[in-house]
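Analysis of the macromolecular model
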Amino acid sequence: MPAAVLVDAVRSPMGRGKPGGALSQVHPVDLLAQVLAGLAARTGIDPGIVDDVLVGCVGQNGEQSATPGRQAVLAAGWPEHVPAVTIERKCGSGQQALDFAVQGVVAGAYDVVVAAGVESMSRVPMGSARGDADPHGPQVARRYPPGLVPQGISAELVAHKWGFTRAQLDAYAARSHRRAAAAAADGAFDREIVPIDTPSGVVRADESIRPTTTEEKLAALPPAFAASPHAARFPELDFKITAGNASQITDGAAAILVTSEERAETLGLTPRARVVATAVTGDDPVLMLTGPIPATHKLLARSGVHLDDIGAVEVNEAFAPVPLAWQAEFGVDDEVLNPRGGAIALGHPLGASGVRLTTTLLGFLEDTGRRYGLQTMCEAGGMANAMVLESYGRN
């Protein structure tokens, strides 16, 4: 079977996902198109050789409703014969796009493929595709009476189950900002970011990082879900989740070029990494956010890589209890977990986050000379993706 390699990975800056955010004036198609163009420019490939563009996107309505990857291919000026498809596994959509790209190369279906993701949460608000509809149906409600709950309530349930205090959650959130701010100040994000042209000028850096965030400032924020209509169902909860210890609503896009090892050599490309193994699993859909734990167990058994050999771990910071619960299960050092911050500081553009995490993880492995990285994403419905990446150590 052909071996699949990651040739390069790029992303946009992260913009606040609300009107007035740094990227809010950019149509999501044009946002992804600029990232695709940046990827082609970085690698020097002829876009006409790309077999497919696999794009994670959660909000597939409004401006993201017309197969956004296909529109971005056209907007980027790539040849009309290059197709695209949209993939939706909630927060894991971008990571699933990368999984499918690697699997397609290994299966011989692709020689050159792009895995990407995009989400403009300022222009296509989270949940706008659902509206007032019930997406679960009566049989799911009967199985989990009186029904499933929003992710914020699930985050509270995870925090309660593991006994995390509000102070622990806020301390973790402040650390995310400190680490991201330090990485940005050191230029660690520079090579992964494609500058984005907007009507107001060029955006070159993440807008979401707050370097002055402290535990004391975060402690002043009110709980976000205490007034939820679901709160009465769980009288044991002491509400701790706030806007400060949860991921930020964000605009962003990211893309990775994946090829077969043989095709990369033919094209004169120097791969940066390979995906050693992937796993996907489901877990309790009420707790919802614990899926990364069984997904990681499944992944490690499949990959043959020992946790002690993992030089960095990216656990998506949907809410602070998610990486903290994962760490409690696996016992990795603080220094290894989300070393350049995560979605609390950098933001969580839903469909793009999986590809963004890989992009940042790859840069960290190269900069520190570490070989293996692990990435995992919690997803709505109690699912999770996980992946082990091997860096080839080239800058």
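Residues numbered from 1 in each chain as written. Predicted model: local features only at pLDDT ≥ 70, side-chain atom pairs only at ≥ 80, totals over all residues. Heavy atoms only, no water.

Within the chain one finds 12 helices and 12 strands. Here the chain has a C-alpha radius of gyration of 20 Å; the compact-globule value for 395 residues is 21 Å, and the two agree. Across the 395 residues that make up the chain, the buried fraction comes to 59%. When contacts within the chain are restricted to residue pairs at least 6 apart in sequence, those whose partners lie at least 24 apart make up 83%. (Helix = DSSP H or I, 4+ residues; strand = E, 2+ residues; numbered from the N terminus. Rg over C-alpha atoms; globule rule 2.2 N^0.38 Å. Buried < 20%, exposed > 50% of the residue type's maximum accessible area, 1.4 Å probe, protein only. Contact = heavy atoms within 4.5 Å.)

Glancing now at the nonpolar core. Buried together is how nonpolar side chains tend to be arranged in soluble globular proteins. Core analysis: the largest hydrophobic core is formed by 53 residues, its most contacted members being Leu289, Ile310, Val313, Phe319, Trp326 and Leu374. Breaking this core down by element, the ones donating at least two residues are helix 5 (151-162), helix 6 (166-185), strand 9 (273-282), helix 9 (292-303), strand 10 (310-315), helix 10 (321-330), strand 11 (372-379) and strand 12 (383-391). Excluding residues within four positions of it along the chain, leucine 374 makes contact with Thr296, Leu299, Leu300, Ile310, Ala312, Val313, Glu314, Trp326, Leu361, Met387 and Val388. Val29, Val35, Val82 and Val114 belong to the second-largest nonpolar core, a separate cluster that totals 35 residues. (Core = buried A, V, L, I, M, F, W, Y, C linked by side-chain atoms within 4.5 Å.)

This brings us to the environment of valine 149. Examined against the element boundaries, valine 149 turns out to sit in the loop between helix 4 (138-143) and helix 5. A relative accessible area of 5% places valine 149 in the buried class. Counting along the chain gives 139 residues from valine 149 to methionine 288, while the straight-line C-alpha distance between them is 8.9 Å. For valine 149, the contacting residues outside a window of four places in its chain are Ser154, His230, Arg233, Phe234, Val286 and Met288.

Our next topic: the environment of alanine 253. Tracing the chain through its elements places alanine 253 in strand 8 (residues 250-260). The buried category is assigned to alanine 253, whose relative accessible area is 0%. In the structure, alanine 253 is positioned 221 residues away from leucine 32 in sequence and 5.6 Å away in space, judged by C-alpha atoms. With near-sequence residues (within four places) excluded, alanine 253 lies in contact with Arg11, Ser12, Met14, Leu31, Leu32, Val35, Gly117, Val118 and Ala352.

What follows covers the pairing of strand 5 (residues 112-120). Most of strand 5 sits inside the fold, with 9 of its 9 residues counted as buried. Of the two faces of strand 5, the one carrying Val112, Val114, Ala116, Val118 and Ser120 and the one carrying Val113, Ala115, Gly117 and Glu119 are both buried. Where strand 5 meets strand 8, 9 bridges bridge the pair, whose relative direction is antiparallel. Among the inter-strand pairings, alanine 115 is bridged to a residue of strand 8, identified as isoleucine 256. (Pairing = 2+ DSSP bridges.)

All right, on to the pattern of salt bridges then. As enumerated under the stated definition, the model contains 16 salt bridges in all. Between arginine 272 and aspartate 8 there is a salt bridge, with the nearest N and O atoms lying 2.7 Å from each other. Residue arginine 272 is located in the loop between helix 8 (261-266) and strand 9, and its partner aspartate 8 is located in strand 1 (residues 4-11); the two are separated by 264 residues in the primary sequence. Neither arginine 272 nor aspartate 8 differs from the other in exposure class; each is buried. (Salt bridge = Lys/Arg side-chain N within 4 Å of Asp/Glu carboxyl O.)

Further remarks concern the state of the cysteines. Overall, the coordinates contain 0 disulfides when judged by the stated rule. With no disulfide partner, cysteine 57 has as its closest neighbouring cysteine sulfur the one in cysteine 91, 12 Å distant. This cysteine, cysteine 91, is not joined by any disulfide, and cysteine 378 carries the nearest cysteine sulfur, 5.9 Å off. The class for cysteine 91 is buried, based on a relative accessible area of 7%. (Disulfide = S-S within 2.5 Å.)

Moving on, we come to helix 6. The end-to-end C-alpha distance of helix 6, which contains 20 residues, comes to 29 Å, matching closely the 28 Å that a straight helix rising 1.5 Å per residue would cover. Just downstream of helix 6 lies glycine 187, where phi reads positive at about 80 degrees. (Expected span 1.5 Å × (residues − 1).)

Counted according to the given criterion, the structure contains 1 aromatic pair. Here tryptophan 326 and phenylalanine 330 contribute two aromatic rings whose centre-to-centre distance is 4.7 Å and whose plane-to-plane angle is 35 degrees, an arrangement assigned as tilted. Within this pair, tryptophan 326 and its partner phenylalanine 330 are both found in helix 10, separated by 4 residues, close to a single helical turn. A single burial state applies to tryptophan 326 and to phenylalanine 330, both of which are buried. (Phe/Tyr/Trp six-rings, centres within 6.5 Å; stacked < 30°, edge-to-face > 60°.)

Turning to the environment of lysine 90, a few remarks are in order. With respect to the helices and strands, the residue lysine 90 is situated in the loop between strand 4 (84-87) and helix 3 (93-106). In this structure lysine 90 comes out as partly exposed when scored by relative accessible area, which is 34%. Considering only alpha carbons, one finds lysine 90 and valine 58, 32 residues apart in sequence, at a separation of 5.6 Å. Apart from the residues within four sequence positions on either side, lysine 90 is in contact with Val58, Leu350, Glu379 and Ala380.

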